[in-house]
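Below, each chain spelled out in residue letters.
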Amino acid sequence: MISSSFDAIIPMLCVALAGLVVLLAEAFRERGEKMPIGGLAIIGLVGAGAASILLWNRNATSFGVVTADNFSLFVNLVLVAVGILTVIFSSQTVDRDKIPAGEYYAIMLFAIVGMMLMGQATDLLVIFLALETMSIAVYVLTGIRREQQQSTEAAFKYFLLGAFASAFFLYGVAFIYGVTGSTNLDRIGSVIAAQSMSGNPMILLGVGLLIVGFAFKVAAVPFHMWSPDVYEGAPAVVTGFMSTGVKAAAVAAFVRVFLSSLEPMIADWAPVLWAIAAATMILGTVVGVAQTSLKRMLAYSSIAHGGYLLAGLVAGNDVGKAAILFYLAAYALTNLGAFGVIALLGTRERANDDLRDYAGLFKSHPALAVLMTFFLLSLGGFPPTAGFIAKWYVFSAAIGSGYYGLAIIGVLSSVVSVFFYLRIVVMMFMTERDARPVPAPITTMAYVGLALSLVGVLYLGVLPSAVIDFAQASISTIF
Amino acid sequence: MNGLPLLSIAILLPIIGSVLLLLVPNRDGSKDGLVRNLTLAISLVTFGVTLMLWAGFDPSAGAPAFQFVERHAWIPAFGIDYYVGIDGLSLMLLVLTGFLTPLALLTSWESVEKHVKEFSIFMLVLEASMLGVFSALDIFLFYIFWDFVLIPMYFLIGIWGYDQRIYAAVKFILYTMAGSVLMLVAIIGLSWVHQSVTGEYSFDLLKLYELQIPAGTQYWMFLAFTLAFIIKVPLFPFHTWLPDAHVQAPTPGSVILAGVMLKMGGYGLIRFAFPLFPEAALYFAPLLATLSVIAIVYGALVAMVQPDMKKLVAYSSVSHMGFVVLGIAAFNMQGLQGASYQMLAHGVSTGGLFCIVGMLSDRRHTRQISEFGGLKTVMPRLTAVMLILTLSSIGLPGMNGFIGEFLIMLGAFKWDPRFVVVAALGVILSAVYMLWLFQRVFYGKITNSHNADLKDLSFREWAIIGPLAAVSIGMGVVPNLFLKPMEPAIQRLVDRVQAHQPLVVEKPAATSAIVAEVAR
């Protein structure tokens, strides 16, 4: 059973090594010397992506607790894309805000290692380890601008609440171990299936606590309270990174735990997740309408998108699993693009993320305004963008399992969300510009990153077939 | 000619054109000749392609139901294809779209002065997506075009509209989207029904036609589809977005909105809602007919008291489109032919009325009826054209409006005469509000000195309004030219729907079924 093969952890190794190299480079960097540290990070991420592609269909496992099945490899590739785009968008922020580049990139890479491990782990304890690796790195990233009060406050809030949620998760693991005698997902699954434990209060308690832990990381209602404050306080690039990477990793682990080992109990947890998904979609969009800060608005939008992902999980069918993967890819590209634009428009003194700051953007930065419009339309689920296909896919899964109600809540809440996405478009295109601080000139590199996101968003929207097939192949080997 | 994928060319030409425009250097002047001429040329070529489709279309009864069919796998995992093809009904609407777009562009030459290039791009993209709506035979593809239409129109209203443009644009997009998304749920549900019956997903409209859908499902799906379509039409009581959108939209936006986009609703009812769910449709037809006669009378009454010309024409649209829905609800040969004809006629005559309102407001920067009066003495030519369009809108025999309304009432009378009694009131009322408008604006003495030296039609304006007036008369004199190609298509649809019996609904059962589904 236990294989000593290292194959399955090669993608993580690549990223971790890159993180170490980045740290070393920073240590040996002379004061004032320019070093392409972001480039090193990208090399590591590309390596991880290549390794993931090479491991495709091989079902490698390492140490009996880490697997490299196609499902996790798909998630890895999404995370690689998240990482590369974040690095590209970061360069401007790092220079502007005088963030120590070595620390910043190294911590980001370590966070990605944790995220990848979350998708690949097949043991509850390893999932917990991964969760902590990822979370601690992200806490630090949130507060990386130490001199900014808002940033520090956000980091502290996130840390306290996150620690709480981790404790809940661990408690849930303990209960499940107490009943089934194992933390291994396969064994838990077979024990539950063999002994039909769905009435057992201990295991129900354990599952409930796991839901709390995961729901916190996904920012699902009612465990979403932290996310608007944290998303607002963190630098915009970090927010983009958190809202996509952390969500992707948490959802991947959520799906793996609940649709493999806890699948026999689906009748017990599906109604709970149904309610959470519905509440998340409704609250995320309705409260989003009232926001005037773009980062907060997109924080609520990101909560709502978590709800759509959970709708796919509730459906619990094969379409749903593939839909979640597709959704993660589509959402990551779209949201990173949107946060990339926000990050580029900020200045050192002000984030420039108030709705008014976007007035007349079409006049001053036509390219950015057009790009942002595409990302917002994709978030709102308009064809021909990735967001539309992704939404259609998850709702298709929900309807396929007979959850018409959830799908109707989903589509109606997406209409509400269109209202606030369009408020930004109205500002950019239809309102006259007022005086505001001019952001630093936008580098070619940043445009390259935005263009990459846009190409991805349109590719997934217009020619989604290849990625849909890919997502379907990803779930065929497991579950 | 059959070798060329003419239908795809028609859809793609405006898109290619808009990409071409992106590459043209941006000279943001009021008279950017290059951008304007290029856009006009592209839209004229597109019109030419739609005419080629008409020329190549075989209208005989034995010809294949759908012609110019093209099919390419798009998302094979879910049986989604790029699948387009047209029957006579689609053909006529394509030609209407091709015909109105260049004219709408011409109206923009005076009224749109900022961001001409972006404006042109949105107009062309809008045209492409409308052509897509009328030719899609894959219901997923249809939805994509249907939903996408909202985006360019939103920008057209929001950027180039009048004072309250942002409110109108947001209201427009939210209102119509709220209806559409429920249709999306129903579309997905349909594909699952198909999957459970045949074992494979399909969004192929013709295959979905053959499905036997359980009564409870039909009930809700018909409602979901119909809600999307009657918001678009718009039918009372879902019409409130229309006056705002029309009044705030720039003239070319209004022309396209009234001329083509409202027809998407009628087309959707005829092509999708009724034949897909015939039993539910027959069950709900009296309800739809009731709403439509309310719309006919209510729209006309509200139009009568409008002080703003544009709003008056907007409410007259509510009334005229009510006739369309009445004809569809009857769903017999005459009713449906009338509804289809009325859609074309309304597109031409109301499009023309919006052009004239636009010309007056370009000159005076107001659309208040009280600001005008006695224009006949200063603008005899515009007055003459306006008279033609007014009479066509009223439905004077010999004009295009007459044929449609007459056929609709004939069809509705065969079905249920009670509706016709009320609808006929609308015909009288339309004469009242249109002729009263005409009288107040054009007859009498010039009371406002601003009107004393208004210029009559320019050459460009002749180019817009001349064809519209000519077609208005032409459609009234030789209706068969337009009715004949549509006949086999309509016959097939009528046969399909009338082969069914209305749904027998025990309400509690259907409701509890959905409650059970929601509760799951």
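No experiment lies behind these values; they were computed from the predicted model shown. Each chain has its residues counted from 1, following the order in which its sequence is written. Here every chain gets a letter starting at A, and every ligand a number starting at 1, in the order they are written. Since the coordinates come from a predicted model, pLDDT governs what is reported: local features require at least 70, and pairs of side-chain atoms require 80 or more to be given and counted, while whole-chain, interface and lining totals use all residues. By convention in this description, side-chain values take in all heavy atoms of the structure and omit both hydrogens and water.

### Quick notes on the overall build of chain B
And step 1. By the criteria applied, helices consist of DSSP H or I runs no shorter than four residues and strands consist of E runs no shorter than two, each listed in order from the N terminus. In terms of regular secondary structure, chain B is built from 21 helices and 2 strands.
And step 2. Radius of gyration here uses only the C-alpha atoms, and the compact-globule reference equals 2.2 Å multiplied by the residue count raised to the power 0.38. For 520 residues, the compact-globule estimate of 2.2 N^0.38 gives 24 Å, and the C-alpha radius of gyration of chain B, at 22 Å, lies within 12% of that figure.
And step 3. Here the C-alpha coordinates of chain B stretch approximately 70 × 55 × 50 Å along the principal axes.
And step 4. Partly exposed describes any residue whose relative accessible area lies between the buried limit of under 20% and the exposed limit of over 50%, with all areas from a 1.4 Å probe on protein chains only and scaled to the type maximum. Going through the 520 residues of chain B one by one, you find that 65% of them count as buried.
And step 5. What makes two residues a contact is simply this: any of their non-hydrogen atoms within 4.5 Å. Long-range pairs, those at least 24 residues apart, make up 82% of the contacts in chain B between residues at least 6 apart in sequence.
And step 6. Each accessible area is a Shrake-Rupley result for a 1.4 Å probe, and residues are judged covered by the shown protein chains and nothing else. Taken as a whole, chain B presents about 17100 Å² of accessible surface, with 67% of it coming from carbon and sulfur.
And step 7. Only four residue types enter the charge count: Lys and Arg as positive, Asp and Glu as negative, with His and the chain ends excluded. Every charge is mapped to an atom, namely NZ of Lys, CZ of Arg, CG of Asp or CD of Glu. Distance between charge centres in chain B, computed from 30 positive and 30 negative side chains, equals 7 Å.

### Comments concerning the packing of aromatic side chains
And step 1. Geometry of aromatic contacts follows a simple scheme: Phe, Tyr and Trp rings, the Trp one being its six-membered ring, pair when their centres are within 6.5 Å, and the pair is stacked under 30 degrees between planes, edge-to-face over 60, tilted otherwise. In this structure the tally under the stated criterion is 63 aromatic pairs over all chains.
And step 2. Considering the side-chain rings of A:Tyr104 and A:Tyr105, the 5.2 Å spacing of their centres and the 75° angle between planes classify their relative orientation as edge-to-face. Per residue, the accessibility class of A:Tyr104 equals that of A:Tyr105, and both read buried.
And step 3. Between A:Phe429 and B:Phe155 the ring centres are 5.2 Å apart and the planes differ by 70°, which places this aromatic pair in the edge-to-face class. Placement of A:Phe429 in helix α17 (residues 404-430) and of B:Phe155 in helix α6 (residues 150-160) is noted, with the two residues assigned to different chains. Comparing A:Phe429 with B:Phe155 shows no difference in burial state: the two are buried.
And step 4. Aromatic rings pair up to connect A:Phe326, A:Phe388, A:Trp392, A:Tyr393, B:Trp74, B:Phe78, B:Phe140, B:Tyr143, B:Trp192, B:Tyr201 and B:Phe203 into one cluster.

### Quick word on the packing of helix α5 (residues 139-148) of chain B against helix α7 (residues 165-198) of chain B
When two helices pack together, their arrangement is given by the angle between their axes and by how far apart the axes lie.
All names here are of chain B.
And step 1. Every axis corresponds to a line fitted to the C-alpha atoms, with the helix fit spanning only the stretch in contact, and the corresponding angles, defined between N-to-C directions, vary from 0 to 180 degrees. It is at 11 Å that the axes of α5 and α7 come closest, and there the two elements cross at 170°. In terms of their interaxial angle, α5 and α7 are classed as roughly antiparallel. Contact residues: Ile 139, Phe 142, Tyr 143, Trp 146 and Asp 147 in α5; Met 177, Ser 180, Val 181, Met 183, Leu 184, Ile 187 and Leu 190 in α7.
And step 2. Note that Gly is not counted as nonpolar here; it falls among the polar residues with everything else outside the nonpolar set of Ala, Val, Leu, Ile, Met, Phe, Trp, Tyr, Cys and Pro and the charged set of Asp, Glu, Lys and Arg. Looking at the contact of α5 with α7, its residues break down into 10 nonpolar, 1 polar and 1 charged. Roughly parallel means an angle under 35 degrees; roughly antiparallel means over 145; roughly perpendicular covers 65 to 115; every other angle is labelled oblique.

### Thoughts on α5(B)
All names here are of chain B.
And step 1. Buried residues dominate α5, accounting for 10 of its 10 residues.
And step 2. Residues of α5 that are buried include every one of Ile 139, Phe 140, Leu 141, Phe 142, Tyr 143, Ile 144, Phe 145, Trp 146, Asp 147 and Phe 148, and no others.
And step 3. Where α5 starts, the residue carrying a side-chain oxygen 3.0 Å from the main-chain nitrogen of Phe 140 turns out to be Asp 138. Polar contact criterion, stated in full: a pair of N or O atoms within 3.5 Å, where within protein one must be able to donate a hydrogen and the other to accept it, and residues adjacent in sequence count only if both atoms are side-chain atoms.

### Some thoughts on the interface of chain A and chain B
And step 1. Chain A puts 45 residues into the contact, and the matching count from chain B is 39 residues.
And step 2. Throughout, buried area stands for the accessible area (probe radius 1.4 Å) lost by two parts on being put together, summed over both. Interface of chain A and chain B: buried area, both sides summed, is about 3700 Å²; carbon and sulfur atoms make up 80% of it.
And step 3. Looking only at chain A, the three residues that lose the most surface to chain B are A:Trp392, A:Tyr404 and A:Met430, adding up to 19% of its buried area.
And step 4. Each reported salt bridge corresponds to a side-chain nitrogen of Lys or Arg within 4 Å of a carboxyl oxygen of Asp or Glu. Counting the contacts that link chain A with chain B gives 0 salt bridges.
And step 5. Of all the secondary structure elements, the ones that give two or more residues to the side of chain A that touches chain B are α14 (361-364), α15 (366-380), α16 (386-400), α17, α18 (444-462) and α19 (465-476) of chain A.
And step 6. Looking at which element gives the most residues to the side of chain A that touches chain B, the answer is α17(A), with 14 residues.
And step 7. Its residues placed into classes, the side of chain A that touches chain B shows 31 nonpolar, 12 polar and 2 charged.

### Side note on the nonpolar core
And step 1. Put simply, buried Ala, Val, Leu, Ile, Met, Phe, Trp, Tyr and Cys residues joined by side-chain atoms within 4.5 Å make one nonpolar core. Within the largest apolar cluster, 399 residues are counted, with the highest numbers of intra-cluster contacts made by A:Phe258 and B:Phe225.
And step 2. When residues of this core are assigned to their parent elements, the largest contribution, 21 residues, is made by helix α13 (residues 318-345) of chain A.
And step 3. For B:Phe225, the residues in contact, after removing those within four places along its chain, are B:Ile139, B:Met183, B:Ala186, B:Ile187, B:Leu190, B:Phe272, B:Ala273, B:Leu276 and B:Phe277.

### A look at unusual backbone geometry
Residue and element names in this part refer to chain B.
And step 1. Following Val 233, the chain continues to Pro 234 via a peptide bond in cis, the omega torsion being -15°.
And step 2. Counting through the fold element by element, Pro 234 comes out in the loop between α9 (215-232) and α10 (241-248).
And step 3. The omega angle of the peptide bond from Phe 236 to Pro 237 is 0°, so this bond is cis rather than trans.
And step 4. Positive phi, close to 55°, is recorded for Phe 68, a residue that is not glycine.

### A word on the packing of helix α4 (residues 116-135) of chain B against helix α11 (residues 251-276) of chain B
Residues and elements named next belong to chain B.
And step 1. α11 packs onto α4 with a crossing angle of 15° between their chain directions and a minimal axis gap of 11 Å. Considering their axes alone, α4 and α11 lie roughly parallel with respect to each other. Crossing angle aside, the handedness with which α4 passes α11 is left-handed. Across the interface between the two elements, Phe 119, Met 123, Leu 126, Met 130, Val 133 and Phe 134 of α4 pack against Pro 252, Ile 256, Val 260, Met 261, Lys 263, Met 264 and Tyr 267 of α11.
And step 2. A per-class count over the contact of α4 with α11 returns 12 nonpolar, no polar and 1 charged. Two helices cross in a left-handed way if the nearer one is turned anticlockwise from the farther one by less than a right angle. They cross in a right-handed way if the turn is clockwise.

### Focus on the pattern of salt bridges
Residues and elements named next belong to chain A.
And step 1. If you walk through the whole model with that rule in mind, you get 21 salt bridges over all chains.
And step 2. A salt bridge links Asp 97 to Arg 145; the nearest nitrogen and oxygen atoms lie 3.6 Å apart. Of this pair, Asp 97 sits in helix α3 (residues 70-97) while Arg 145 sits in the loop between α5 (124-142) and α6 (149-180), placing them 48 residues apart in sequence. As far as burial versus exposure is concerned, Asp 97 and Arg 145 are alike and both buried.
And step 3. The partner of Glu 153 in a salt bridge is Lys 157, and the shortest N-O contact between them spans 3.2 Å. Of this pair, Glu 153 and Lys 157 both sit in helix α6, 4 residues apart, which is roughly one turn of the helix.
And step 4. Within the structure, one salt-bridge network assembled from shared partners comprises Glu 153, Lys 157, Asp 229, Glu 232 and Arg 296.

### Thoughts on the environment of B:Ile388
All names here are of chain B.
And step 1. Note on placement: Ile 388 falls in helix α16 (residues 380-394).
And step 2. Take Ile 388: its relative accessible area is 24%, and that puts it in the partly exposed class.
And step 3. As a C-alpha pair, Ile 388 and Leu 468 span 80 residues in sequence and 9.7 Å in three-dimensional space.

### Comments concerning the side chain of B:Asn332
Residue and element names in this part refer to chain B.
And step 1. Structurally, Asn 332 can be placed in the loop between α13 (309-330) and α14 (333-364).
And step 2. In this structure the side chain of Asn 332 is engaged in a polar contact, spanning 2.9 Å, whose partner is the backbone nitrogen of Gly 335.
And step 3. Excluding residues that lie within four positions of it along the chain, Asn 332 makes contacts with Gly 411, Lys 414, Trp 415, Val 494 and Gln 498.

### A short note on a nonpolar patch on the surface
Residues and elements named next belong to chain B.
And step 1. Patch membership requires more than 30% relative accessible area and the absence of a salt bridge. Residues of like charge join within 9 Å; the nonpolar side chains Val, Leu, Ile, Met, Phe, Trp and Tyr join within 5 Å. A contiguous nonpolar surface patch, about 410 Å² in accessible area, is contributed by Val 421, Val 422, Leu 425, Ile 428 and Val 432.
And step 2. Position of Val 421 among the secondary structure elements: in helix α18 (residues 417-442).
And step 3. Residue Val 421 is classed as exposed on the basis of its relative accessible area, which comes to 61%.

### Observations concerning the environment of B:Gly401
Residue and element names in this part refer to chain B.
And step 1. Tracing the backbone shows Gly 401 in helix α17 (residues 400-415).
And step 2. On the basis of relative accessible area, Gly 401 is assigned to the buried category, the value being 5%.
And step 3. Sequence separation between Gly 401 and Phe 145 is 256 residues, and the spatial gap between their C-alpha atoms is 29 Å.

### Digging into the pairing of strand β2 (residues 80-86) of chain B
Residue and element names in this part refer to chain B.
And step 1. In terms of burial, β2 is largely enclosed, as 6 of its 7 residues are buried.
And step 2. Pairing between strand β1 (residues 67-75) and β2: 6 bridges, direction antiparallel. Directly across from Ile 75, in β2, lies its bridge partner Ile 80.
And step 3. Where β1 folds back on β2, the antiparallel hairpin that results is connected by 4 residues, among which Gly 79 adopts a positive phi of roughly 65°. Strand pairing is assigned whenever DSSP detects at least two bridges linking the two strands.

### Considerations on the side chain of B:Thr39
And step 1. Take B:Thr39: it is sitting in helix α2 (residues 33-56).
And step 2. When near neighbours in sequence (up to four residues on either side) are disregarded, B:Thr39 contacts B:Leu21, B:Leu105, B:Ser120 and B:Leu124.

### A look at the environment of B:Gly351
And step 1. Among the secondary structure elements, B:Gly351 is positioned in helix α14.
And step 2. Sequence-wise, B:Gly351 and B:Thr251 are 100 residues apart; in three dimensions their C-alpha atoms are separated by 9.4 Å.

### Some details on the confidence of the model for chain A
Low-confidence regions, as indicated by low pLDDT, have predicted coordinates that should not be scrutinised in detail.
And step 1. A residue's pLDDT is the predictor's confidence in that residue, given on a scale from 0 to 100. In the predicted model, chain A carries a mean pLDDT of 88, and 97% of its residues have values of at least 70.
And step 2. Mean pLDDT per element in chain A: α14(A) is the minimum at 83, and α5(A) is the maximum at 93.

### A short note on helix α12 (residues 294-315) of chain A
Residues and elements named next belong to chain A.
And step 1. With 22 residues, α12 should cover 32 Å at 1.5 Å per step; its first-to-last C-alpha distance of 32 Å lies within 8% of that length.
And step 2. Most of α12 is tucked away, with 22 of its 22 residues classed as buried.
And step 3. One or two positions beyond α12, positive phi appears at Gly 316, with a value near 70°. Expected span of a helix: the number of residues minus one, times 1.5 Å.

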